[in-house]
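One letter stands for each residue in the lines below.
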Amino acid sequence: MPKTEISRPGMKLSIFPFLTGEEFSQACREFVRLVDGCDGQLESLGWTKTRFDETGAEPVLVVRKYTDSQSTVPTETKPVVGEKNANIEGEEDMEDLEDDPDALVRQPVSTRKCEVEYHVMLSPTYRVPVLYFFLPGGPPSGPNQLHNMYNSLVPTQFRSKLRDVGVMGGVSITNHSLTGIPVYFVHPCATSEALESVAGDKEQTTETYLLLWIGLVGNCVGLNIPLELVAQAGNS
């Protein structure tokens, strides 16, 4: 049976940045309330569904949204057709590029809208939310798909940090804690330290917690917080 909803907007947190099960559930309900309060403004930004599911073994916040998925390939340098000297110079230029891979300029060849489903759950070990996400095309399998995910979904400014473990612990493939299906996963090992650093001395509540958390974790994998949602929180 669904759990009884607790009506305590802006509930203070007992030990920030950590959450109890009750605080996590309340934070998810308030996040859904904020989204619903935007009266469809988020649909134009690609948000298609936001719901909080408490019917399973563990509560989960589900967000679906469209984000840009970009494929890239290195540009090609073609030798000049004509004189022999020009051909030699073209070949030498290509050899220089091969010796210096960083000199290969990667340009986007296609950009398409990709609907991603995000699941936010509470980690029983770290006591902070953890983010799972699915891409179209079925469950991920193998390092090649992880590499492609980085290049197509993760914004350029976050790629090196995530690949090198970085502030948020990096993205990997794991089995979903409810379904057992392989999914992408943002590891929560450094989440608490990052939340404390960003929040500073400002008191956080169940209403503001997920806005702060998604701004840190979700933003790295296409789940950003729209200004409309922040404004809605300020007016509530």
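Residues numbered from 1 in each chain as written. Predicted model: local features only at pLDDT ≥ 70, side-chain atom pairs only at ≥ 80, totals over all residues. Heavy atoms only, no water.

A look at unusual backbone geometry
Of the consecutive residues Phe 16 and Pro 17, the connecting peptide bond is found in the cis state with omega at 10 degrees. Mapping Pro 17 onto the fold places it in the segment before α1 (21-37). Backbone geometry places Asp 39, a non-glycine residue, at a positive phi of 55 degrees. Topologically, Asp 39 is positioned in the loop between α1 and β1 (47-53). Here Asp 39 falls in the exposed class, since its relative accessible area comes to 69%. Even without glycine at this site, Arg 127 takes up a positive phi of about 60 degrees. Topologically, Arg 127 is positioned in the loop between β3 (106-122) and β4 (129-134). Arg 127 sits in the partly exposed class, given a relative accessible area of 30%. (Helix = DSSP H or I, 4+ residues; strand = E, 2+ residues; numbered from the N terminus. Buried < 20%, exposed > 50% of the residue type's maximum accessible area, 1.4 Å probe, protein only.)

As for the packing of aromatic side chains
The full count for this structure, using the stated rule, is five aromatic pairs. Residues Phe 31 and Trp 47 carry aromatic rings whose centres are separated by 6.3 Å and whose planes lie at 40 degrees to one another, so their mutual orientation is tilted. Linking Phe 31 in helix α1 with Trp 47 in strand β1, this pair joins segments that are 16 residues apart in sequence. Grouping residues by exposure puts Phe 31 and Trp 47 together as buried. Among the aromatic side chains, those forming a connected cluster through ring pairs are Tyr 118, Phe 133 and Tyr 184. (Phe/Tyr/Trp six-rings, centres within 6.5 Å; stacked < 30°, edge-to-face > 60°.)

Some points on α1
Between its terminal C-alpha atoms α1 stretches 24 Å, which fits the 24 Å expected from 17 residues at 1.5 Å a residue. Counting buried positions along α1 gives twelve out of 17 residues, so the element sits mostly inside the fold. For α1, the complete set of buried residues consists of Glu 23, Phe 24, Ser 25, Gln 26, Ala 27, Cys 28, Arg 29, Glu 30, Phe 31, Val 32, Leu 34 and Val 35. Two residues or fewer past α1, Asp 39 is found with a positive phi of approximately 55 degrees. (Expected span 1.5 Å × (residues − 1).)

Quick notes on the confidence of the model for the protein
Mean pLDDT over the protein works out to 79, with 75% of the residues at or above the 70 mark. When mean pLDDT is taken per element in the protein, α1 scores highest with 96 and helix α2 (residues 84-99) scores lowest with 44. The low-confidence segment residues 1-7, where pLDDT is below 50, has eight contacts with residues more than four positions distant or belonging to other chains. In the predicted structure, residues 72-98 sits below a pLDDT of 50 and forms 23 contacts with residues beyond four places in sequence or in another chain. (pLDDT = per-residue confidence, 0-100. Contact = heavy atoms within 4.5 Å.)

Things to note about the environment of Lys 12
With respect to the helices and strands, Lys 12 occurs in the segment before α1. Judged by relative accessible area, which is 58%, Lys 12 ranks as exposed. A C-alpha to C-alpha distance of 6.5 Å links Lys 12 and Thr 206, two positions 194 residues apart in sequence. For Lys 12, the residues in contact, after removing those within four places along its chain, are Glu 23 and Glu 203.

What to know about the nonpolar core
One finds Phe 31, Phe 133, Met 149, Val 171 and Leu 229 to be the most contacted residues of the largest nonpolar core, which totals 51 residues. Filtering out sequence-adjacent residues up to four positions away, Val 171 remains in contact with Phe 133, Leu 146, Met 149, Tyr 150, Leu 162, Tyr 184, Phe 185, Val 186 and Val 221. Listed in part, the seven residues of the second largest apolar core include Met 121, Tyr 132, Val 183 and Phe 185. (Core = buried A, V, L, I, M, F, W, Y, C linked by side-chain atoms within 4.5 Å.)

Quick word on the pattern of salt bridges
In total, this model carries four salt bridges according to the counting rule given. In this structure, the salt-bridge partner of Glu 54 is Arg 29, at a minimum N-O distance of 3.0 Å. A residue pair is termed long-range when its members are at least 10 positions apart, and Glu 54 in the loop between β1 and β2 (60-74) and Arg 29 in helix α1 qualify at 25 residues. Residue Glu 54 is classed as buried on the basis of its relative accessible area, which comes to 13%. We note a salt bridge from Arg 64 to Glu 117, for which the minimum N-O separation is 2.6 Å. Of the two residues, Arg 64 is situated in strand β2 and Glu 117 in strand β3; the sequence distance between them amounts to 53 residues. Since its relative accessible area comes to 31%, Arg 64 is described here as partly exposed. (Salt bridge = Lys/Arg side-chain N within 4 Å of Asp/Glu carboxyl O.)

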